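Analysis of the macromolecular model
Take a look at the letters that make up each chain.
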Amino acid sequence: MSEILAVEARGLTKTFSKGDVKALDGFDLDVPVGQVVGLLGPNGAGKTTAVRILSTILAADGGTARIMGFDVAKQAGDVRKTIGLAGQFATVDEYLTGFENLDMVGHLCHLPSTSIRPRATELLEQFGLADAADRPVSTYSGGMRRRLDLAAALVARPPVLFLDEPTTGLDPQSRLGLWDVIEALVAGGTTVLLTTQYLEEADRLANRVVVINAGKVIANGTPADLKADLGATVLEVTVGDHDQALRSAELLKDLSSKVVHVDGDSVEITVEEGPSVAAEAIRRLDALSIPILGLSLHEPSLDDVFLALTGQKTEVDTEALTESTKRRGRKAKETS
Amino acid sequence: MSDIALSERTSSNHTVRYALQDIGTVTKRNLIRTRRIPEALFFSSLQPIMFVLLFRYVFGGAIPVQGTTYVNYLMPGIFVQTMCFGAISTSIGLAEDLQTGLLERFRALPMSRSAVLGGRTSADVVRNIFVILLMTLVGVLVGFRPAGTIATYIAACLVMLLFSYALMWGFALIGLSAPNAEVAQLMSFPILFPLTFASTAFVPVQSMPGWLQVFAKNQPVSVTVDAVRSLMVGGTYHDPSSIWKAIVWSVGIFLVLAPLAIRKYRKV
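Residues numbered from 1 in each chain as written. Chains lettered and ligands numbered in written order. Predicted model: local features only at pLDDT ≥ 70, side-chain atom pairs only at ≥ 80, totals over all residues. Heavy atoms only, no water.

The accessible area lost on association of the parts is a frequent measure of interface size. In this assembly, 34 residues from chain A lie in contact with 24 residues from chain B. Counting the surface lost from both chain A and chain B, the interface buries some 2,700 Å², and carbon and sulfur atoms represent 57% of this. On the chain A side of the interface with chain B, the three residues burying the most area are Tyr95, Leu108 and His110 of chain A, jointly 27% of the side's total. Linking chain A to chain B there are 6 salt bridges. Among the ionic pairs, Arg52 of chain A bridges to Glu104 of chain B, the shortest N-O distance being 2.8 Å. Between the two partners, chain A and chain B, sit 11 residue pairs in polar contact (both at pLDDT 80 or more). Contributing elements (two or more residues each) for the side of chain A that touches chain B: α2 (76-82), β6 (83-87), α3 (98-108), α5 (142-154) and α12 (317-332) of chain A. Take the side of chain A that touches chain B: its biggest share by element is 6 residues, from α3 of chain A. Considered class by class, the residues forming the side of chain A that touches chain B number 16 nonpolar, 7 polar and 11 charged. (Contact = heavy atoms within 4.5 Å. Buried area = accessible area lost by both parts, 1.4 Å probe. Salt bridge = Lys/Arg side-chain N within 4 Å of Asp/Glu carboxyl O. Polar contact = N/O pair within 3.5 Å; in protein donor to acceptor, adjacent residues only side chain to side chain. Helix = DSSP H or I, 4+ residues; strand = E, 2+ residues; numbered from the N terminus. Nonpolar A, V, L, I, M, F, W, Y, C, P; charged D, E, K, R; others polar.)

So, on to a negative patch on the surface. Residues and elements named next belong to chain A. Taken together, the side chains of Asp241, Asp243, Asp263 and Asp265 define an acidic patch exposed on the protein surface. Along the chain, the position of Asp241 falls in the loop between β11 (233-239) and α9 (242-252). Here Asp241 falls in the partly exposed class, since its relative accessible area comes to 36%. (Patch = residues over 30% accessible without salt bridge, like charges linked within 9 Å, V, L, I, M, F, W, Y side chains within 5 Å. Areas by Shrake-Rupley, 256 points an atom, 1.4 Å probe, with all protein chains shown as cover. Lys, Arg positive; Asp, Glu negative; His and termini not counted. Charge placed at Lys NZ, Arg CZ, Asp CG, Glu CD. Buried < 20%, exposed > 50% of the residue type's maximum accessible area, 1.4 Å probe, protein only.)

The next point concerns the packing of helix α4 (residues 88-100) of chain B against helix α7 (residues 150-177) of chain B. Residue and element names in this part refer to chain B. Contact geometry of α4 with α7 gives a least axis separation of 7 Å together with a crossing angle of 30 degrees. Remark: the crossing between α4 and α7 carries right-handed chirality. Between α4 and α7, the residues in contact are Ile88, Thr90, Ser91, Leu94, Ala95 and Leu98 and Met168, Phe171, Ala172, Ile174, Gly175 and Leu176, respectively. (Axes fitted to C-alpha atoms, helices over the stretch in contact; angles between N-to-C directions. Left-handed = near helix turned anticlockwise from the far one by under 90°.)

Glancing now at the sheet that holds β11 of chain A. Residues and elements named next belong to chain A. Spatially, the 4 strands line up as an open sheet ordered β12-β13-β11-β14, and their pairing is antiparallel. Strands with a single pairing partner mark the edges of an open sheet, and in this sheet they are β12 (260-263) and β14 (292-298). With direction set aside, neighbouring strand axes in the sheet form an average angle of 15 degrees. Bridge analysis of β11 against β14 gives 6 bridges, and the strand direction is antiparallel. Bridge pairing in β14 places Val239 opposite Ile292. Set on the sheet, helix α10 (residues 274-287) makes contact with β11, β13 (266-271) and β14; between it and β14 the angle comes to about 165 degrees. (Pairing = 2+ DSSP bridges.)

Here we take up the pairing of β6 of chain A. Residue and element names in this part refer to chain A. Counting buried positions along β6 gives 5 out of 5 residues, so the element sits mostly inside the fold. In the sheet, β6 pairs with strand β7 (residues 160-164) via 5 bridges, with the strands oriented parallel. Within β7, the residue paired with Gly84 across the bridge is Leu161.

As a further point, take the pattern of salt bridges. Taken as a whole and assessed by the stated rule, the structure comprises 20 salt bridges over all chains. In this structure, Asp30 of chain A engages Arg10 of chain A in a salt bridge whose closest nitrogen and oxygen atoms are separated by 2.9 Å. Highlighted residues: Asp30 of chain A in strand β2 (residues 21-32) and Arg10 of chain A in strand β1 (residues 5-16), separated in sequence by 20 residues. Asp93 of chain A serves as the salt-bridge partner of Arg33 of chain B, at 2.8 Å between the closest nitrogen and oxygen. Taken together, the positions of Arg33 of chain B in helix α1 (residues 2-36) and Asp93 of chain A in the loop between β6 and α3 put the pair across two chains.

Here we take up α4 of chain B. Residue pairs three or four apart in sequence face the same way in an α-helix, which turns once every 3.6 residues. All names here are of chain B. Here α4 is 13 residues long and its end C-alpha atoms lie 18 Å apart, about the 18 Å a rise of 1.5 Å per residue gives. α4 sits mainly inside the fold: 10 of its 13 residues count as buried. At the C-terminal side of α4, Gly101 shows a positive phi close to 100 degrees. (Expected span 1.5 Å × (residues − 1).)

Residues and elements named next belong to chain A. As summarised here, the arrangement of the 6 strands in space is β6-β7-β8-β3-β9-β10, forming an open sheet in which the pairing is mixed. Two strands in the sheet have a free side with no partner beyond their single neighbour: β6 and β10 (216-221). Sheet twist, expressed as the mean angle between neighbouring strand axes with direction ignored, is 15 degrees.

Set out below in structure tokens:
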């Protein structure tokens, strides 16, 4: 307890009256100073609710949360001076230029007025927006908008940064660009809490991953820990059709250390001794004349971890993703 | 003891200074937006001009008024109506900020809690001043000849601006309650229509049925129109008590609606 945590949440609960949904149901979180923690979960798991409570936008029904020791409910003003918030639901002003947006945030953070212009210019350069500085944001592409959004969160150099799905809805190239920017920030010592639906994103950026489902933390560890828990190797066998895949799953069940998953015409099992199990699998399927169209052994991805923990594939999120893209898109009139 | 009192005073001085500074920042942002969307300003100015032309040249001939020309009778009504309809932009602006997520960002910033509503309403007052100047020009072009002095004219403008400012807080409440900007606009009309038309703004109330006259004579839009007419037209319409009544109405509306709007803002 002697060491101050950058983010400390204990037993947070939040129920939304609309639909009586328990968004958070006893949510705990520790983020040590200087670390990057990825909050991972499908849409509706409670990630955004957690971030909104931690950033003082929303009041929790129960539980406590502290940011750098400041209580989010009782010392909201101090918390707001400590944090930066960027992501899908915090946004920049369409009709202002990039510079005007940062200038406005600088004033609202009560920075000395002489230091605001240099800081805004510096951030615009750092994020590759110098040429677009004096153009209204409505002319920006999706990737530029997100970079400006992140820059706005950084104007006052907050020690703790909340990134709520920073790359949702971005094309792969813009996503890579934003990851580079975030990695540079982390190298500079900023504590980051990152929510994401993308396992790849958490894997690349986070020191530690907290998996959340239905408002509760269901796993917590380094990406490597989570993968190790699951087993050494994933064996994937592709057969002729779904029925054959189901039969194969039955046949191979006892070879698996943990999870057996059938997806279309392929079977995924988690195994300890990859090569020998693969040979055994081939023998068993061959004996019943089930055609093997493909076979592979790979390290478990966070996708596999997620599947093992929740029984849900993360692809369910594509629906939510298109919805949020639509919401943005209507406002955005993307110049693409 | 005195140290504590001193530090408390210093911090409350800071709070007030920051609040004013933040209101200024948000006002500036809202005015930049208005400038960036000139179409919105153009068409929202066109609407009251259409009303002037409609009442001056289409309906005006059929509406008998005492003691002055119809256009002189009309213009104070048009001014106040324009102020009322202008308050819709308060609700639309806030509904948009809520919808786009900008309010989320503001709420996570260490800015003053009153700055968003203060900045919105201040920007709308600036806009209304521009509209008053424009409508004065249009009025004069169609034959409006205000009586009195520059000072009484300015006093009339201040009475209207005060009323519009009070009204904006009600529309702020609508903007924060509406699911989106379109609905915010739709929610505004059923409130504005009876207030502006069942009033002394366009026709003398004597032509209305008795029960309606009671409402039409005493409701805040009428009282404000009467006050403006007293200052701009005078003569038969000279009625200093209406000025006080208008101020009392405005202050009353503000005192009731502003806290409600602020409470709503804290909760959204």
